[in-house]
Each structure stands twice: as C-alpha cells, then as structure tokens.
Amino acid sequence: MAQDRGPAPAGCELHRQFFEASEEGFCLVEMIPGAGGAPADARILAVNAAFARETGLPAAEGGSLRALAPAAAEGWIAALCRIADSRQPARVEVEGPGGGPCELRGFPVGSAAERTVGFRLEDIRARREAQEARRAAERQLQRVLSGMGEAFGILDHELRILMQNDTALRLDGRPLEEIRGRTHWDVYPGTEDSELGRLYRQALAEGVPVSMEHRHEWPDGSATWFRMRACPVPEGLAVFWHDITARKEAELALRDSEARYRGLFEAMEEGFLLARVLRDAEGRAMDAVLLEGNPLASRMIGIAPIDGQRLSEVLPVPDPVWLETCDRVSRTGVAERHEHRAAASGRWYDYSVSTVGDPGGGPDATPCLAILLTDITERKRTEEALRASEARFRALATTGGAAIYRMSPDWRIMYQLDPTSQLDGTEGPFEDWQEKYILEEDRPMVLQAIDQAMRERTMFALEHRVRRADGGIGWVLSRAAPVIGPDGAVQEWFGSAIDVTERREAVERMIQSEERLQLALDVGRLGTWDWDIGRGTVVWSAEHYRMQGYAPGEVAPSYAAWLARVHPEDRAATEAELRAAREEGRDYAATFRSLHPDGRIVWLQALGRFFPDEADRPSRMIGIMEDITDARRADEALRESEARFRQFGEASSDLLWVRDARTLELEYLSPAFEEIHGLDRATVMADGGLHAWLALIVPEDRDLARDCIERVRRGEHVTSEVRIRRPADGALRWLRNSDFPLRDPQGFLQRIGGIGHDITEEKRVAERLEVLVAELQHRTRNLLTVVRAMAARTLSNADSLADFRLRFDDRLLALARVNGLLSRLEEGDRITFDELIRAELDGHGLPADGSAGRQVVLEGPEGIPLRSSSVQTFALALHELTTNALKHGALARPEGRLHVAWRLVEVSGVPHLRVDWRETGGPAVPEAGPAAAGGGYGRELIERALPYQLGAVTSYDLGPEGLSCSVILPVSAHLAPSPPGAG
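These figures come from a predicted structure and were not determined experimentally.

Rules and cut-offs
- Residues numbered from 1 in each chain as written.
- Predicted model: local features only at pLDDT ≥ 70, side-chain atom pairs only at ≥ 80, totals over all residues.
- Heavy atoms only, no water.
- Pairing = 2+ DSSP bridges.
- Helix = DSSP H or I, 4+ residues; strand = E, 2+ residues; numbered from the N terminus.
- Axes fitted to C-alpha atoms, helices over the stretch in contact; angles between N-to-C directions.
- Contact = heavy atoms within 4.5 Å.
- pLDDT = per-residue confidence, 0-100.
- Phe/Tyr/Trp six-rings, centres within 6.5 Å; stacked < 30°, edge-to-face > 60°.
- Buried < 20%, exposed > 50% of the residue type's maximum accessible area, 1.4 Å probe, protein only.
- Lys NZ or Arg CZ within 6 Å of the ring centre and 35° of its normal.
- Expected span 1.5 Å × (residues − 1).
- Polar contact = N/O pair within 3.5 Å; in protein donor to acceptor, adjacent residues only side chain to side chain.
- Parallel < 35°, antiparallel > 145°, perpendicular 65-115°, else oblique.
- Left-handed = near helix turned anticlockwise from the far one by under 90°.
- Nonpolar A, V, L, I, M, F, W, Y, C, P; charged D, E, K, R; others polar.
- Core = buried A, V, L, I, M, F, W, Y, C linked by side-chain atoms within 4.5 Å.

(A) Representation of the sheet that holds strand β24 (residues 588-595) within the structure. In spatial order, the strands read β23-β22-β26-β25-β24; together these five strands make up an open sheet with antiparallel pairing. Taken across any chain shown, the strands that pair with only one partner, and hence form the sheet edges, are β23 (537-540) and β24. Here the average twist between neighbouring strands, direction ignored, is 20°. Across four bridges, strand β22 (residues 527-532) lies against β23 in antiparallel orientation. Of the residues in β23, the one forming a bridge with Asp-530 is Val-539. The strands that helix α19 (residues 568-584) touches are β22, β24, β25 (601-612) and β26 (618-627); relative to β24, the one it contacts most, it runs at about 160°.

(B) How the structure looks around the confidence of the model for the protein chain. Looking at the protein chain, the pLDDT average stands at 80 and 82% of residues meet or exceed 70. The low-confidence segment residues 1-8 (pLDDT under 50) makes three contacts with residues lying over four places distant or belonging to another chain.

(C) Representation of the sheet that holds strand β18 (residues 414-417) in the model. Taken in spatial order, the five strands of this open sheet run β18-β17-β21-β20-β19, and their pairing is antiparallel. In this open sheet, the two strands that pair with only one neighbour each are β18 and β19 (460-467). Taking the axes of each pair of neighbouring strands and ignoring which way they run, one obtains an average angle of 25° across the sheet. Bridge analysis of strand β17 (residues 402-407) against β18 gives three bridges, and the strand direction is antiparallel. Opposite Tyr-405, over in β18, you have Leu-417 as the bridge partner.

(D) Structural view of the packing of aromatic side chains. Scanning the entire structure with this criterion turns up 21 aromatic pairs. Here Phe-833 and Trp-902 contribute two aromatic rings whose centre-to-centre distance is 5.1 Å and whose plane-to-plane angle is 65°, an arrangement assigned as edge-to-face. One end of the pair, Phe-833, is in helix α27 (residues 833-843); the other, Trp-902, is in strand β33 (residues 897-907), with 69 residues separating them in the sequence. The class for Trp-902 is buried, based on a relative accessible area of 5%. Here a set of aromatic residues connected by ring pairs shows up, and it is made of Tyr-405, Trp-411, Trp-433, Phe-460 and Trp-493. The ring of Trp-348 is capped by Lys-380, whose NZ or CZ atom sits 4.6 Å from the centre of that ring. Lying over the aromatic face of Trp-657, Arg-659 brings its terminal NZ or CZ to 5.8 Å of the ring centre.

(E) Representation of the pairing of strand β21 (residues 490-499) in the model. Most of β21 sits out of view: eight of its 10 residues are buried. The sheet contact formed by β17 and β21 spans six bridges and is antiparallel. Across the sheet, the residue bridging to Ala-403 is Ala-497, located in β21. The sheet contact formed by strand β20 (residues 473-484) and β21 spans nine bridges and is antiparallel. Bridge assignment links Val-483 to a residue of β21, and that residue is Glu-492.

(F) Up close: the side chain of His-544. Mapped onto the fold, His-544 is located in helix α17 (residues 542-547). Its relative accessible area of 2% is what places His-544 among the buried residues. With residues up to four places along the chain from it excluded, the contact list for His-544 reads Gly-527, Thr-528, Trp-529, Trp-562 and Met-625.

(G) Focus on unusual backbone geometry. At Arg-87, a residue that is not glycine, the phi angle is positive and equals roughly 60°. With respect to the helices, strands and loops of the structure, Arg-87 is situated in the loop between α4 (73-86) and β3 (90-95). Residue Arg-87 is classed as partly exposed on the basis of its relative accessible area of 22%. In this structure, Leu-664 is a non-glycine residue whose phi angle is positive, near 65°. Relative to the helices and strands, Leu-664 is located in the loop between β27 (655-660) and β28 (666-669).

(H) Structural context of α19. In this model, α19 (17 residues) spans 25 Å end to end at C-alpha, consistent with the 24 Å of a helix rising 1.5 Å per residue. Turning to α19, its buried residues number three or more, namely Asp-570, Thr-574, Glu-575, Leu-578, Ala-580 and Ala-581. Check the buried side of α19 and you find it contacts β22, α18 (559-564), β24, β25 and β26. Immediately beyond the C-terminal end of α19, within one or two residues, lies Gly-585, with a positive phi of roughly 70°.

(I) A look at the environment of Arg-120. Counting through the fold element by element, Arg-120 comes out in strand β5 (residues 116-123). As for Arg-120 and Glu-24, which are separated by 96 residues in sequence, their C-alpha atoms are 8.0 Å apart. Of note is the side chain of Arg-120, whose polar atom sits 3.4 Å from the backbone oxygen of Gly-25.

(J) Structural view of the packing of α27 against helix α28 (residues 868-887). Taken N-terminus to C-terminus, the directions of α27 and α28 make an angle of 40°; their axes are 10 Å apart at the nearest point. Taken as axis vectors, α27 and α28 run oblique relative to one another. Considering the relative orientation of α27 and α28, their crossing is right-handed. Note on element contacts: α28 touches α27 through Phe-874, Ala-875, Leu-878, His-879 and Thr-882, opposite Phe-833, Leu-836, Ile-837, Glu-840 and Leu-841. Residue composition of the contact of α27 with α28, by class: seven nonpolar, two polar and one charged.

(K) Examining the nonpolar core more closely. Counting residues in each nonpolar core, the largest one holds 34 residues, and the members touching the most others are Phe-833, Phe-874, Leu-913 and Trp-917. Of all the secondary structure elements, the ones that give two or more residues to this core are α27, α28, β33, β34 (910-920), α29 (937-950) and β36 (962-970). A per-element tally of this core places α28 first, with seven residues. In this structure, Val-29, Val-47, Ala-73 and Leu-104 belong to the second largest nonpolar core, which totals 26 residues.

(L) Representation of the packing of α28 against α29 within the structure. With their axes 9 Å apart at the nearest point, α28 and α29 run at an angle of 160° to one another. Considering the angle they form, α28 stands roughly antiparallel to α29. Note on packing geometry: the crossing formed by α28 with α29 is left-handed. On the side of α28, the interface is formed by Ser-869, Ser-870, Thr-873, Phe-874, Leu-876, Ala-877, Glu-880 and Leu-881, while α29 contributes Tyr-937, Gly-938, Leu-941, Ile-942, Leu-946, Gln-949 and Leu-950. When its residues are assigned to classes, the contact of α28 with α29 shows nine nonpolar, five polar and one charged.

(M) Focus on the environment of His-879. Tracing the backbone through its elements, the reader meets His-879 in helix α28. Spatially, the C-alpha atoms of His-879 and Ile-837 are 9.0 Å apart, while their sequence positions differ by 42 residues.

Here it is, written out as structure tokens:
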C-alpha cells in the first residue's frame, strides 16, 4: 500500500503538474495481490485527464481496474503484474476499452516493494491497417513480377544475386536457393572479365543504365544469346534479360527500378523533459536548458543523465524548430503539439510542449516547460513506404514500356489501362476496349484465350496485335492473373501488356533474310555472279538477270552485258571501283543504278571478292548483288520526314524558343512570337538577353517568369501562366508556358527551351462561364419557387391524387416549354411574347402558323422582349387560359373563336406589353360557381399573382359571349422596340 512520505519536494510537484498537464494519457496503479500471491486487481492511484479522454474511461482514482474496465482488465492486470515483477518497462498488445487492439506501454515506478506501475494505452488499429495495406501492395507487386514475360533479377553492390523472377529461373534452370547470395561471376563463370562485367561495373560506378547483346556459354557447352539491360537501383542493379538466340537483334525494351521493401523500423519510443528557455538582455530566446528527463528521453537524445545540458549542445545539427516552439509556449502559456523531423537523426517525433506551474515562476520570469516526445518514425516511414511502393510499381511498368491494365471478372469492362508510348490510356472504365485496341481479325483468337483463362482460372497469356495510339499496328505480350477474393471468386484480372513490336519485327526481318539467302542459293532471290577472269566466262543467277532487266537466259553473261545495263551516269565510277579493288587485292563494294529497257531505274548494291591464283594474281571473282531500291526510297522518305520536323517550329502557332543554359542568350525563336507579341523576332533575337524578354511581361508576373527560368536551369520541367503587354497596341494577353531543360548526349544541361501557348481566349471563355453559372443558379431558384407554389395551389384544388397528377403534369409541361426557350438564349437575350404564345399553342396542338383554320387568330408585332423574371409566371397564366379555353371555353366547340392581340404601350414613360385575350362562340357561361371560371387557378394567377409578382394590371371578365381578359405588364426596357404611342 502507498505510504505517507511527507511533504513532496519541489521537483515532485513539477512532475505532478506535468502529469496533469500532459496531452498524453497516463495511469498509475498499485498491484493488489490475491490468493497465493497472484494479482487479483490493481488500485488506481492517479489518472490524468488525457487518459480518460483517449480511452473513454472515467477518471476513478482510488477505484479498482477491474471495476473500471471489466471486459479488458484481465489482460491489463496480467501485463502490469509482469512489469511489476520484472521491474522492466514493457510493451504488450491487449484488448482496448472498446474491444479493438491497443498497445499497453508500462514502466515500474518507485521501489520493488511498492509494486507500483505506470502505463498508457495507444490505439494501434491505424498501424495494423497500414501494415495490411503494405502487405497487399507487396503481394500485388509480386504478382506483377511473377507474371512478367521477361527475366528479371536484382544484384547488390557486390554483384551478388538477391532475387530472380520465375522467367529468369526458367531460363537458368536452377532454383533460386542455389544461386541467391552468390556473385554473378560465381554463378556465371567467365563473365567477370567480359564486356558484360565491364558494363555492370560501369553502371554501378557511374549510376547510369547500360545495355548490350551478350552470348553466354552454359556448363554443358550450349550457348544462349541474351539482350541485357541493367539499371542502378538503391540495392545495386536491376537487370532485365531476354533470350534472343532465335535472333540476336530482338530486344525487349524493359528497364525497371524495383526496390525492395524495408522492414519495420524500431519501435516508437517516448519520453519527457523539463526545460527552461534562456533569454538575452532584450528578452530574445538564445537557448534552452534541459533540467531533467526520464530514461526514455535520454535514449532518444543520446545523453544520460539529462542534467542541465544546453539544447544547442544536444543538437549536433542546428534545428531551430525546437527552440522556436519552446519560446512561443514560454511567452504565451498556451500548449502546442506538433510533428517534426529531427535534423540530426532524421527521426520523426510527435511532441507537445506546455508550461508547468506559474508561467512566471523562473528566476528570470520564464516558466518551466514540460516536453513530451513520442517517436512516430515508424508510422511516417510506413506511409512513405506505401507511397514509394506505388511509385516503384508504376516505375517498374513504365520503365520497361509495359502498360498495366485491370479487367472486370468477365472481361467485359476495362477498369484501367495506363498510357504508354504505344497505347492510349483510359480515363475511366469502358466496355468498347476490343473495338479500340484489338484488330477485328484477331478478336476471335483473343476471346478464345480469355475464355480458356476464365474457365480454368489460370494466367491469361497471349502475344497479339494491337492498334497503336498513332494509328499503326503493334505487337504486345499480354499477361493477366486472376485476383481471387476472400470468397474464392475472381474479383478482377490484373495484368500487363509489354511492347514486343521490335522483337516481332526483328524476327520477321530475320526470317525474311534467311528466306532471301536460301532462295538466292536455290532460286536466285539474291543475284550472284561467278567470274572466271582467266577464261573470260561469267555465271549469273536467275535473280541477277532480273535485277539488270534481262530475262533469265536472254543473253550470255559477260562483263559487257553487265556494263550495258549500268546507268550511263554511274558507269565510270562503278568501273573505277572494280579496277581499284582488283589492283589492290581488296573486296569490291559498289552501289549503282541499273537502267532497264522499259525505263525503270533500279538501285543495286554489289559486293564481291577476288581470289588469286598461284602467282598471286586475281583469277576469279565471286559476288552477290541486291536490289536496294526500296531502301533508297525509305532513306529519301526519312530525310523528307526530318525536313518536315524541322519545319514544325516554323509552322507552329505556339511560341517556341531555345536559350543557352549558361548565358540565357536566345538561339531560336519561332515566327509565332511576332503574332503573339506583335514584335519583329529579328529585333528580339538581336538583343537576345533575358532582360528584353522580361520587359514584355507585366511587372506583376516578372518574378514568376524569372523564377521559372532559374528552375529550368536547375533541371526542372516547369509550367506557368503569365501576362504580356503587346508594345504595338498595348493589348494584354495570357500565355501558358511549358519550359524544359535540353541536355547533351552525356546528360549535361546545355540549353533550355519552352513552348508558349496563347490562352487569352481560354481565359475569356472561363470568365463567361462564371457569368453563365450564376445566371443558371438564379433561374433555378426562381423555377423552384414557382414549382413549389404551383404544387401547393394544385393540391389544394385537386379532388384526388389522380386529379392532382393530371393537372400538375400539365402545368409542369408548360413550365418545361418556357424553360426550353430560356435554355436556348444567348447571354443578354430575352424571350419575346410571340415566341411564348406560339410555344404554348403548339404544346396544345394549336399551331400558330395559320394551319389551325379560323379558330385561333394571333395579331401583334414580333420581337417584344419579356423580363426573364416574369416569363415563368406569365407562361403559367397563358397555359391556364389555353387549357380553360380547350376544356370550357371557345376552343371546346368547332364554331368557337379565340383572338389574341398584343401591342407595346407606355405607362408613365415605361414600355409595357398589353395582351387582349378574347373568346367567342363557346358554351354558355354559368351564372355562378367556380366552374364558370374554369377551375379558379387560372383566374387567381391573372387577378392576384400577376399583379403581385410582376406588377401587372389585369382584367378578367366572363361575359355572355365568353372570356375577355387583358394583361398589361412591364417589359425589358433596354431591348424593347419603341411603342407607336402612349398606352
């Protein structure tokens, strides 16, 4: 039991005040032994407010822990008893007050006989979720690596093998356990002093990617050609290789930078410090002295014991955040809590600072400060690891040119496709992916492979053609694995599409080359000749005949027959090369044109070798000849393409510029500069400096433009928006600039460039959109007010819900018609009365173009604009008049007549619209009752709503001949035509 120790010293009182003021929850308990010495319970000695706030448990000093948290106390007491017995701090996962996982961090207090333990509880659910998210990311990355069609491995900085994927292990034929941890030279003897070894060491030393085609000899004597790419990564080298034995030149351009996940960091540590700010004569904070600290704090800062050290002594690297926070709390007395990364150790801390005791209690009027430190490095690094994992995963795919995609379980919907240089990406899920990417003739093959993968729930793997982003046709190796959910069902398919166009094309070229060689021997696809110089005889292959425009056997092969078909302009040079090769004893190589009898010109490339006789004189020549006409045309096409590319800058409507990165002198300025800035570009190029360029930018934006230039010089890509003032006419224009560095082949920054796009019109459109949105909001509020009033009035007059629905739908259609007119208006336009009345009559099947016979007559001028605020209510009134005329009035009988006349009048100098509605020949009007008014709502709109809402003057009279109604209401004064006279 606790004993009376007499008055507490001043230091203890400071500790007590810190305990109460701390924002971290702590509880101090005394273990109560039960039968046989086992802990039966724990008595609560002290609980601060933060503990109650964090756990949701009431402060119950003097009470028992079992009574405070009966559901979780058993685990707590067992853990606290072990700490009291061992006298060592400990961390134990226990069940929290709410049932979730918590970490109990306890430490012994006082002597062993007192069996007193302090502890706090921390909710670790967020940590668990972060760990699970990381494990899910690792599993996803492992699936991608396992599904890759290319071999992949990681070497450390000593070139020891860390890992290889399934494809690499299949190529090697050995299990990973046999080769992991061994050096590359040990696993693959003979490579250390080879070109491959040199490139590996270069990649590590210079930090640059390397690639090569490498021939490896296996222990059994066989050899394999590989296309290798190695990229530096934090662990050492990420190496991709692909078997190109079938054709050396094939290559899978996959370069990757996958980084391993790091393990969990050291467990968080926390501690507290008592400190006081030191000030100079002017009251400025100069340093802080650390008065006391617990062992956890000592371990964090690396000093034990803490006894009067200066903060500047503790921090080997200046870190002003700590002193600034202590200074503010010391001055204001307001506690602060922050997260901060220590400059010296690089660790993250959640720290809180508060005053202890009287804020002016120090000898120099500075209060004592309590600092609580919680190491949150693990949480911060876990979050960063998740972000880095996703970045590495994306980099792994994009570095190797692979497109990552996700499909629905039935492959009907493509959820996602990341864009690459070959394929357009998706902005969201869509179903038409087959039509967009798969060629029509290949779809049955692709769908068959998909069906098989879905039936067998196995990896989908297929090499097929795709439609590229540029409209061309490419080849991809597509692999996708099913993602299985907890219920065993396929949730989605996750895969990658790797561009293998180059390999396919290379294989195709290899096959074609082999076919040409074989046919040259068998059929003569390559022209060959065999010239016996001594005898003067020549043998041509059939293809040789055709290349020179002869039919096989048409002439006897001879030097003269060959020379006769060489283009006259090429004969001298071709013969001179042949003589020089013969005299010098070297190989003959010539490119010349052959002129055929039909006028066709064929480009030929001839290669030959002289063989000497015993006297070392040329006696025989054997050679081959190839038709290179298509290649020459392709070269010419390429040169034309390069010329068009050079013309791009001159033809672009955007401003293109290039500057020297060191001097900032202009080297190139496109003609669009003159259109945008209104200045002669030759004049600006002559000046060339940055000062003249910045002078064209408005003063408010010059610092931004100057900063962008400096950032590009540091190697960044920068996008900004600035305003310029054209000197010629003073016009203000907006430019969106995209600036970027230009590097030489060695990677050094040599020039900087930029593209300026005139976005002045885009800015104007954006401003106009803001006005339109405001107008739409205003109209919507008005419409909702009208609909609400209309619904209430219709409901009050309806006999039943069916009657209400019929009337309400009819009136909603009237509102829809007028809002349809409103929606088609341009800014500043107004609906005219003739448009409104014709739309209402058309809506009731009464065309206002004269085709309704003599029943309806409209008379009045066109183009009288109505106020937008009055259109909806006025349209409802016209709708009620028309409906009543059809049901109860003149239009209910064939002989009935409706005459609507309107004109513009002036009332007190303000233009008004006068509308006269006259019905004749309708049914007899009852003497009394609401039915005589057609139900009452229309009359109420005219006699009450129009005057009240629109300031109209109305009359409504049901005479023996029928309804006579007049409405006079204001119109848009600035748009209305002049009235013919006063009204």
